[in-house]
Amino acid sequence: MYTFAVRDEGSSVYNALTKLIEADANWKRLKKGNPKANLIFLERNNQPFWKFGHQPGLKQLTNYYRGSEVICRKVKLVSVLAHHFALKNQDIFQWLPESFIIRPIQNLENYAAMKSKKPRALEKVTDERGEFIKAFERHRNSGRGEAWIAKSSTGAKGEGIIISRSPDDLISAIENQPEPHIVQKYIEKPLLLSGQRKFDVRCWVVLDHEYNIHLMKEGVLRTSSDAYDEDNLTRITSHLTNHCIQEEQSANFGKYEEGNEMFFAEFDGFLKEKYGTSMVDKILPQIRMIVKECLLAIKEDINTDHLSYQSFQVFGFDFMIDAAFKVWLIEINGAPACAKRLLPQLTSGIFNMVIKQVFPSDVACDEQAGDCTEECGFETL
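The numbering scheme is per chain: residues are counted from 1 as the chain's sequence reads. Given that this is a predicted model, residues contribute local features only at a pLDDT of at least 70 and side-chain atom pairs are listed and counted only at 80 or more, while totals for whole chains, interfaces and linings are drawn from all residues. To obtain the side-chain values, all non-hydrogen atoms of the structure were used and water was disregarded.

1. Observations regarding the overall build of the protein chain
Now for step 1: From N to C terminus, the protein chain includes 12 helices and 16 strands.
Now for step 2: Whereas a compact globule of 381 residues would reach a radius of gyration of roughly 21 Å, the protein chain reaches 22 Å, a difference of no more than 12%.
Now for step 3: Exposure categories follow from relative accessible area, calculated using a 1.4 Å probe and restricted to protein chains: below 20% of the type maximum is buried, above 50% is exposed, and the middle band is partly exposed. Here the protein chain, with 381 residues, has 51% of them falling under the buried criterion.
Now for step 4: Taking as baseline every contact in the protein chain between residues at least 6 positions apart, the subset at least 24 positions apart corresponds to 67%.
Now for step 5: Under the convention used here, a 1.4 Å probe and the Shrake-Rupley method define accessible areas, while residue burial counts only the protein chains that appear. Carbon and sulfur atoms form 48% of the exposed surface of the protein chain, whose accessible area is close to 18,100 Å². The way it works is that DSSP assigns letters per residue, a run of H or I at least four long becomes a helix, a run of E at least two long becomes a strand, and they are numbered from the N terminus. Note that the radius of gyration is over C-alpha atoms, with the globule rule given as 2.2 Å times the number of residues to the power 0.38. Contacts between residues were defined by any pair of non-hydrogen atoms, one from each residue, lying within 4.5 Å.

Following this line, the structure appears as C-alpha cells:
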C-alpha cells in the first residue's frame, strides 16, 4: 500500500490525477501536507523540499523539480539560455525572439543597496536597455520591423503586456512597474489561420523521475477571435491569444473554434490543404529540439540524482509560428492548466509513465517506461 498527500487542491491537473489514484486500490490518501507520504502533490509556490527524503526506507516522489522556476520566469529564462548558449558558443536567439532584460530604475536602486551586503549573489543582475535601443535601431534600419513586446517577469494571462514601435514608450511603461521585464522582438509576420487570425501553440511535456523528457503528441492552438492587424498594435484581441483576454474582450470569441481551441489534427489538415505541408514535416521537429534544449540546459542544476527523494514535473511550452514556418519559443509554464479534452490523456500519462514506474503494482501498464510512453500518447525525446 502506497500513500499520497495533496497540498495543491486548486490545480485541475492534479485534481484529475487525484481521482485516478484514489480509484487504485494500491493507494491511500493522507491528510493535506503530510511530509511522510510516498507521493506528494505540492503547491506551485511554498514548496518545502527540505522536509522530504528523511524517513529511512520511505520512497518519496514530488511533482516539482526544485529550481525549475529558472525557466518558468521570463527574465530568468533569458538569462539561463544566454548562459547555456554562451558555453556552446552559439547564438541564443536561434528560436527565442531577440530579448533584453530591463529593470525599473527603482528596482535597480534596490539592487544597488543590497549589493553592498550580498555582492556575490547580485553579480548577475543586469539591465540591458542600452543594448535594446541599439537592437531597435538595427532592426529598423534593416527593415526587419519596429514592433517590440514587453512582458513582466512573473506576469500571467496577458496581464501587463505592452506592444509598441516606440522604445521610449516601452521603457517608460516599465519604469512604472515594480518588476523587471523582458522586451522581446515582436513577431510581425506570424502564420495566420482562416480569417487572418493569430494563434499560439501549447505543448505539454512530462519530465519524469529519471529526467526522461516526454512530449505529449496531442496539443492545442489557442486562437485569436479577430483578424491580425499589423498596423494597430493597441487592438489587443488581434495580437494576444490568451483565453481570458479573448473571452472577455472579443465579441467573436468561439466564432471560429469552440473555446478558441484548435487541436493538432485540425491544424495539420489546415497546413496540408493551404500549404501542402504538415506538422510532422515543418513544425514538430523544431518543437522537439526546443523542448529538449531547454530542459537539458537546467539538468545539472535541478536533477534529483544526488537527493534522497525523486521528482517529476509537467511543463507547458508555448510557441509562435511565423509565416516562414519557423517555430519560436514564447514562454514555459511550470504549472500549466490543460485543455479539458486533453486532460484524461495528460493525467493518464503521468500516472502510468511516472507514478506507476516509481511505485509499481500488479496492474502497471508495462514494465518498460518506453512502451508505456507510446501507449499513453507521448513520445520520449
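2. Considerations on empty space enclosed by the protein
Now for step 1: Think of a 1 Å grid over the protein atoms and nothing else: a 1.4 Å probe that fits but is trapped marks a cavity, an open set flanked by protein within 12 Å on at least five of seven lines marks a pocket, and residues with an atom within 4 Å of a point count as lining. Grid points are joined across faces, edges and corners, and a volume is the space filled by probe spheres set on the points. On inspection of all chains with the given rule, the structure shows 2 cavities of 30 Å³ or more.
Now for step 2: Quantified by volume, the largest cavity comes out at close to 50 Å³.
Now for step 3: Together, K74, L77, V78, L96, K151, I182, Q184 and I330 line the largest cavity.
Now for step 4: Those elements giving two or more residues to the lining of the largest cavity turn out to be α2 (74-87) and β8 (181-185).
Now for step 5: Considering every element that reaches the lining of the largest cavity, the biggest residue donor is α2, with 3 residues.
Now for step 6: Taken as a whole, the second largest cavity spans an internal volume of roughly 40 Å³.
Now for step 7: Contributing to the lining of the second largest cavity are R7, G33, P35, I40, L42, P48, K51 and F52.
Now for step 8: Residues belonging to the lining of the second largest cavity are distributed by class as follows: 5 nonpolar, 1 polar and 2 charged. Note on residue categories: nonpolar means Ala, Val, Leu, Ile, Met, Phe, Trp, Tyr, Cys or Pro, charged means Asp, Glu, Lys or Arg, and polar means any other residue, Gly included.

3. Some thoughts on the environment of E179
Now for step 1: Within the element layout of this structure, E179 appears in the loop between α5 (167-175) and β8.
Now for step 2: When the C-alpha positions of E179 and K151 are compared, they lie 9.9 Å apart, and in sequence the two are 28 residues distant.
Now for step 3: For this analysis, a polar contact is any N or O atom pair within 3.5 Å, provided that within protein one partner can donate a hydrogen and the other can accept it, and provided that sequence-adjacent residues contribute only side-chain to side-chain pairs. Within polar-contact distance, the side chain of E179 engages the side chain of S152 at 2.8 Å.

4. Some remarks on the sheet that holds β8
Now for step 1: Criterion used throughout: strands pair if DSSP finds at least two bridges between them. Taken in spatial order, the 4 strands line up as β5-β8-β6-β7 in an open sheet, and their pairing is antiparallel. Edge positions in the open sheet fall to β5 (99-102) and β7 (162-164), since each of these has one partner strand only. Direction aside, the axes of adjacent strands within the sheet are offset by 20 degrees on average.
Now for step 2: Pairing between strand β6 (residues 148-152) and β8: 5 bridges, direction antiparallel. Along β8, the bridge assignment pairs I149 with Q184.
Now for step 3: Sheet strands touched by α2: β5, β6 and β8. Its angle to β8, the strand with the most contacts, is close to 65 degrees. Between N-to-C directions, angles span 0 to 180 degrees; the directions come from axes that are lines fitted to C-alpha atoms, helices contributing only their stretch in contact.

5. A word on the pattern of salt bridges
Now for step 1: The working definition used for a salt bridge is a side-chain nitrogen of Lys or Arg within 4 Å of a carboxyl oxygen of Asp or Glu. For the coordinates displayed, the defined rule picks out 18 salt bridges.
Now for step 2: Note that E175 is salt-bridged to R129, the shortest N-O span being 2.7 Å. With E175 in helix α5 and R129 in helix α4 (residues 129-141), this pair connects stretches of sequence that are 46 residues apart.
Now for step 3: Taking the shortest distance from any N to any O, the salt bridge between R197 and E257 comes out at 2.7 Å. A residue pair is termed long-range when its members are at least 10 positions apart, and R197 in strand β9 (residues 197-207) and E257 in the loop between α7 (243-249) and β12 (261-263) qualify at 60 residues.
Now for step 4: A residue is classified by how much of its surface remains accessible, and E257, at 5% relative accessible area, is buried.
Now for step 5: When salt bridges with common partners are traced through the structure, they connect D200, R202, R222 and D318 into a single cluster.

6. Let's talk about the packing of aromatic side chains
Now for step 1: Pairing of aromatic rings covers Phe, Tyr and Trp, the last through its six-membered ring, and needs centres within 6.5 Å; plane angles under 30 degrees mean stacked, over 60 mean edge-to-face, and all others mean tilted. Applying the stated criterion to the full structure yields 17 aromatic pairs.
Now for step 2: Ring geometry for F267 against F270: centres 6.3 Å apart, planes inclined by 20 degrees, an arrangement best described as stacked. Taken together, the residues span about one helical turn, with F267 and F270 both in helix α8 (residues 264-275) at a distance of 3 residues. Exposure class is identical for F267 and F270. Each is buried.

7. What to know about the environment of M279
Now for step 1: Of note, M279 is situated in helix α9 (residues 279-297).
Now for step 2: In this structure M279 comes out as buried when scored by relative accessible area, which is 3%.
Now for step 3: C-alpha separation for the pair M279 and G269, spaced 10 residues apart in sequence, amounts to 9.3 Å.

8. Topic: α4
Now for step 1: Multiplying one less than the number of residues by 1.5 Å gives the expected span of a helix. With 13 residues, α4 should reach 18 Å at 1.5 Å per residue; the first-to-last C-alpha distance of 18 Å fits that figure.
Now for step 2: Buried residues of α4: R129, F132, A135, F136 and H139, and no others. Along the long axis of α4, the arc covered by the buried residues comes to 115 degrees, so they all point the same way. Of the exposed residues in α4, those oriented more than 90 degrees away from the buried face are K134 and N141.
Now for step 3: Looking one or two places after α4, you find G143, whose phi comes out positive at around 75 degrees. Here the arc refers to the directions that run from the helix axis out to each C-beta atom.

9. Comments concerning the environment of S224
Now for step 1: With respect to the helices and strands, S224 occurs in strand β11 (residues 220-227).
Now for step 2: Aside from chain neighbours lying at most four places away, what touches S224 is R197, K198, T237, S238, T241, Q246 and N260.
Now for step 3: Of the polar contacts made by the side chain of S224, one reaches the backbone oxygen of D226; its length is 2.9 Å.

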